[in-house]
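Given next are the chains, with one letter for each unit.
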Amino acid sequence: DEMNVIMDPDCVESDSFILLEALMDSCQYWYVPKVEIKGRDMQEKEQTLFKDVEKAEVMTSPLAKKLERIQNKLLREHDTVLHVQLTNLGIAPQVYGIRWIRLLFGREFPLDGLLVVWDAIFAYSPSLSLVDYICVAMLQFIRNIRKTTCLSMSVHTKFCLLN
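Conventions adopted
- Residues numbered from 1 in each chain as written.
- Predicted model: local features only at pLDDT ≥ 70, side-chain atom pairs only at ≥ 80, totals over all residues.
- Heavy atoms only, no water.
- Helix = DSSP H or I, 4+ residues; strand = E, 2+ residues; numbered from the N terminus.
- Buried < 20%, exposed > 50% of the residue type's maximum accessible area, 1.4 Å probe, protein only.
- Contact = heavy atoms within 4.5 Å.
- Areas by Shrake-Rupley, 256 points an atom, 1.4 Å probe, with all protein chains shown as cover.
- Phe/Tyr/Trp six-rings, centres within 6.5 Å; stacked < 30°, edge-to-face > 60°.
- pLDDT = per-residue confidence, 0-100.
- Patch = residues over 30% accessible without salt bridge, like charges linked within 9 Å, V, L, I, M, F, W, Y side chains within 5 Å.
- Salt bridge = Lys/Arg side-chain N within 4 Å of Asp/Glu carboxyl O.
- Axes fitted to C-alpha atoms, helices over the stretch in contact; angles between N-to-C directions.
- Parallel < 35°, antiparallel > 145°, perpendicular 65-115°, else oblique.
- Left-handed = near helix turned anticlockwise from the far one by under 90°.
- Core = buried A, V, L, I, M, F, W, Y, C linked by side-chain atoms within 4.5 Å.
- Polar contact = N/O pair within 3.5 Å; in protein donor to acceptor, adjacent residues only side chain to side chain.

## Considerations on the overall build of the protein chain
In terms of helices and strands, the protein chain carries eight helices and two strands. Helices (α) and strands (β) of the protein chain occur, in sequence order from the N terminus, as α-α-β-α-β-α-α-α-α-α. Burial analysis of the protein chain (163 residues in total) assigns 28% to the buried set. Of all intrachain contacts in the protein chain linking residues separated by at least 6 positions in sequence, the fraction that spans at least 24 positions is 58%. Total accessible area on the protein chain stands at roughly 11,000 Å², and carbon and sulfur atoms take up 59% of it.

Written as C-alpha coordinates, this is what we have:
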(Lines give C-alpha, C1' and ligand atoms only; values in the text may rest on other atoms or scores of the structure.)
Protein backbone atom coordinates (compact mmCIF):
# COMPACT_ATOMS: atom_id res chain seq x y z
CA ASP A 1 0.00 0.00 0.00
CA GLU A 2 2.89 2.40 0.75
CA MET A 3 4.39 1.75 -2.68
CA ASN A 4 1.10 2.74 -4.31
CA VAL A 5 1.25 6.07 -2.48
CA ILE A 6 4.90 6.60 -3.37
CA MET A 7 4.40 5.67 -7.03
CA ASP A 8 1.06 7.46 -7.48
CA PRO A 9 1.04 8.80 -11.07
CA ASP A 10 -1.15 11.72 -9.98
CA CYS A 11 1.72 12.99 -7.79
CA VAL A 12 4.60 12.68 -10.26
CA GLU A 13 4.66 16.38 -11.10
CA SER A 14 4.57 17.60 -7.50
CA ASP A 15 7.07 14.94 -6.38
CA SER A 16 9.43 15.95 -9.19
CA PHE A 17 9.17 19.59 -8.20
CA ILE A 18 9.92 18.80 -4.55
CA LEU A 19 13.01 16.83 -5.59
CA LEU A 20 14.17 19.60 -7.93
CA GLU A 21 13.66 22.18 -5.19
CA ALA A 22 15.74 20.12 -2.74
CA LEU A 23 18.48 19.70 -5.36
CA MET A 24 18.58 23.41 -6.09
CA ASP A 25 18.74 24.22 -2.38
CA SER A 26 21.90 22.08 -2.22
CA CYS A 27 23.61 23.64 -5.21
CA GLN A 28 22.14 27.12 -5.63
CA TYR A 29 25.52 28.73 -4.99
CA TRP A 30 26.80 27.11 -8.20
CA TYR A 31 24.54 29.44 -10.17
CA VAL A 32 24.14 32.65 -8.14
CA PRO A 33 27.29 34.70 -7.55
CA LYS A 34 27.59 36.73 -4.38
CA VAL A 35 27.64 40.48 -4.91
CA GLU A 36 28.58 42.97 -2.25
CA ILE A 37 27.02 46.39 -2.76
CA LYS A 38 28.48 49.30 -0.87
CA GLY A 39 26.04 51.72 0.70
CA ARG A 40 24.63 52.89 4.01
CA ASP A 41 21.01 51.89 3.51
CA MET A 42 18.85 49.91 1.08
CA GLN A 43 18.01 52.94 -1.07
CA GLU A 44 21.67 53.85 -1.51
CA LYS A 45 22.52 50.21 -2.29
CA GLU A 46 19.78 50.07 -4.95
CA GLN A 47 21.08 53.27 -6.54
CA THR A 48 24.59 51.85 -6.57
CA LEU A 49 23.44 48.61 -8.13
CA PHE A 50 21.27 50.13 -10.84
CA LYS A 51 23.02 53.43 -11.62
CA ASP A 52 26.67 52.96 -10.82
CA VAL A 53 27.50 49.36 -11.52
CA GLU A 54 31.25 49.92 -11.19
CA LYS A 55 30.80 50.46 -7.43
CA ALA A 56 29.20 47.05 -7.03
CA GLU A 57 32.03 44.71 -6.13
CA VAL A 58 31.58 41.17 -7.32
CA MET A 59 32.99 38.82 -4.73
CA THR A 60 34.66 35.55 -5.61
CA SER A 61 31.77 33.24 -6.29
CA PRO A 62 31.29 30.13 -4.18
CA LEU A 63 31.56 28.06 -7.36
CA ALA A 64 34.95 29.61 -8.18
CA LYS A 65 36.11 28.82 -4.64
CA LYS A 66 34.86 25.23 -5.02
CA LEU A 67 36.72 24.83 -8.31
CA GLU A 68 39.91 26.28 -6.84
CA ARG A 69 39.61 23.80 -3.96
CA ILE A 70 39.10 20.90 -6.38
CA GLN A 71 42.16 21.74 -8.46
CA ASN A 72 44.49 23.18 -5.83
CA LYS A 73 43.68 20.94 -2.87
CA LEU A 74 42.02 17.68 -3.94
CA LEU A 75 43.87 17.22 -7.22
CA ARG A 76 47.17 18.22 -5.62
CA GLU A 77 46.60 15.61 -2.87
CA HIS A 78 45.58 12.82 -5.26
CA ASP A 79 47.70 13.55 -8.35
CA THR A 80 50.50 16.06 -7.80
CA VAL A 81 51.97 15.57 -11.27
CA LEU A 82 48.67 16.39 -12.98
CA HIS A 83 48.15 19.40 -10.71
CA VAL A 84 51.59 20.77 -11.63
CA GLN A 85 50.91 20.20 -15.34
CA LEU A 86 47.58 22.05 -15.22
CA THR A 87 49.19 24.90 -13.29
CA ASN A 88 52.13 25.16 -15.69
CA LEU A 89 49.78 25.17 -18.69
CA GLY A 90 47.68 27.88 -17.05
CA ILE A 91 44.49 25.83 -17.13
CA ALA A 92 42.15 27.44 -14.63
CA PRO A 93 39.59 25.13 -13.05
CA GLN A 94 36.79 27.34 -14.40
CA VAL A 95 37.72 26.21 -17.93
CA TYR A 96 36.38 22.72 -17.36
CA GLY A 97 34.65 22.87 -13.98
CA ILE A 98 31.82 25.32 -14.53
CA ARG A 99 30.30 23.20 -17.26
CA TRP A 100 30.87 19.93 -15.43
CA ILE A 101 29.42 21.08 -12.14
CA ARG A 102 26.56 23.32 -13.27
CA LEU A 103 25.28 20.61 -15.60
CA LEU A 104 26.12 17.82 -13.14
CA PHE A 105 28.17 16.13 -15.87
CA GLY A 106 25.11 16.03 -18.15
CA ARG A 107 27.18 16.78 -21.26
CA GLU A 108 30.04 14.46 -20.37
CA PHE A 109 28.29 11.08 -20.23
CA PRO A 110 25.72 9.23 -22.34
CA LEU A 111 22.32 9.15 -20.64
CA ASP A 112 22.57 5.61 -19.27
CA GLY A 113 25.97 6.37 -17.71
CA LEU A 114 24.79 9.77 -16.50
CA LEU A 115 21.93 8.21 -14.55
CA VAL A 116 24.43 5.98 -12.74
CA VAL A 117 26.62 9.00 -11.94
CA TRP A 118 23.60 10.94 -10.64
CA ASP A 119 22.51 7.97 -8.51
CA ALA A 120 25.96 7.91 -6.94
CA ILE A 121 26.03 11.68 -6.37
CA PHE A 122 22.60 11.81 -4.76
CA ALA A 123 23.10 8.65 -2.70
CA TYR A 124 26.51 9.67 -1.38
CA SER A 125 25.52 12.89 0.37
CA PRO A 126 22.83 15.60 0.27
CA SER A 127 25.68 18.13 0.08
CA LEU A 128 26.65 16.68 -3.35
CA SER A 129 30.27 16.45 -2.17
CA LEU A 130 30.98 13.50 -4.46
CA VAL A 131 30.95 15.98 -7.36
CA ASP A 132 34.38 17.25 -6.28
CA TYR A 133 35.93 13.79 -6.48
CA ILE A 134 34.26 13.04 -9.82
CA CYS A 135 35.94 16.17 -11.18
CA VAL A 136 39.33 14.89 -10.01
CA ALA A 137 38.65 11.47 -11.54
CA MET A 138 37.59 13.05 -14.83
CA LEU A 139 40.78 15.12 -14.98
CA GLN A 140 42.80 11.96 -14.47
CA PHE A 141 40.74 10.16 -17.10
CA ILE A 142 41.26 12.95 -19.65
CA ARG A 143 45.00 12.88 -18.99
CA ASN A 144 45.07 9.11 -19.47
CA ILE A 145 42.99 8.94 -22.66
CA ARG A 146 44.84 11.78 -24.33
CA LYS A 147 47.82 9.44 -24.64
CA THR A 148 45.97 7.69 -27.45
CA THR A 149 43.66 10.39 -28.73
CA CYS A 150 43.57 14.11 -28.26
CA LEU A 151 40.24 15.70 -27.43
CA SER A 152 39.30 18.12 -30.19
CA MET A 153 36.93 20.34 -28.24
CA SER A 154 38.38 23.82 -27.75
CA VAL A 155 37.86 23.64 -23.97
CA HIS A 156 40.14 20.61 -23.80
CA THR A 157 42.87 21.54 -26.33
CA LYS A 158 45.46 22.37 -23.68
CA PHE A 159 44.85 18.97 -22.11
CA CYS A 160 46.56 17.49 -25.19
CA LEU A 161 49.85 18.85 -23.89
CA LEU A 162 49.69 16.84 -20.67
CA ASN A 163 52.23 14.04 -20.25
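Once the structure has been displayed, the description carries forward.
## Some points on the packing of aromatic side chains
Aromatic rings in a pair are described by how distant their centres are and how their planes are angled relative to each other. Counting across every chain of the model gives three aromatic pairs. Ring geometry for Tyr29 versus Trp30: centroids 6.0 Å apart, planes at 75°, classification edge-to-face. A residue is classified by how much of its surface remains accessible, and Tyr29, at 29% relative accessible area, is partly exposed. The interplanar angle of 75° and the centroid separation of 6.4 Å between the aromatic rings of Phe105 and Phe109 together place this pair among those described as edge-to-face. Exposure remark for Phe105: the relative accessible area of 0% places this residue in the buried category. Given a relative accessible area of 29%, Phe109 falls into the partly exposed group.

## Details of the environment of Tyr29
Assignment of secondary structure puts Tyr29 in the loop between α2 (12–27) and β1 (35–37). Between the C-alpha atom of Tyr29 and that of Ser61, which follows or precedes it by 32 residues, the distance is 7.8 Å. Those residues in contact with Tyr29 that lie beyond four places of it in its chain are Pro62, Leu63 and Lys66.

## Here we look at the confidence of the model for the protein chain
Overall, the predicted model of the protein chain reaches an average pLDDT of 81, with 72% of residues at or above 70. For the stretch residues 52–59, pLDDT sits under 50, and the model shows 14 contacts to residues farther than four places along the chain or on other chains. Segment residues 150–159 is flagged for pLDDT under 50; beyond a separation of four residues in sequence, or across chains, it makes 20 contacts in the model.

## Topic: a nonpolar patch on the surface
On the surface, Leu20, Met24, Tyr31 and Val32 cluster together into a nonpolar patch covering about 340 Å² of accessible area. Position of Met24 among the secondary structure elements: in helix α2.

## Structural notes on the packing of helix α4 (residues 62–78) against helix α8 (residues 130–145)
The axes of two packed helices give the description: the angle between them and the distance between them. Orientation of α4 relative to α8, taken along the N-to-C sense of each, is 60°, at an axis distance of 10 Å. By the angle between their directions, the pair α4 and α8 is classed as oblique. Crossing hand, α4 versus α8: right-handed. Where α4 abuts α8, its residues Lys66, Arg69, Ile70, Leu74, Leu75 and His78 lie against Asp132, Tyr133, Cys135, Val136, Leu139 and Gln140.

## Notes on the nonpolar core
Trp30, Trp100, Ile101, Phe105, Ile121 and Val131 are the most contacted members of the largest nonpolar core, which totals 27 residues. Put simply, the parts of the chain that give this core at least two residues each are α4, α5 (80–89), α6 (93–102), α7 (111–124) and α8. Ranked by residues supplied to this core, first place goes to α8 with eight residues.

## A word on the side chain of Arg143
Its location among the elements puts Arg143 in helix α8. Residue Arg143 is classed as buried on the basis of its relative accessible area, which comes to 11%. Within the structure, the side chain of Arg143 is placed 3.2 Å from the side chain of Asn144, a separation counted as a polar contact.

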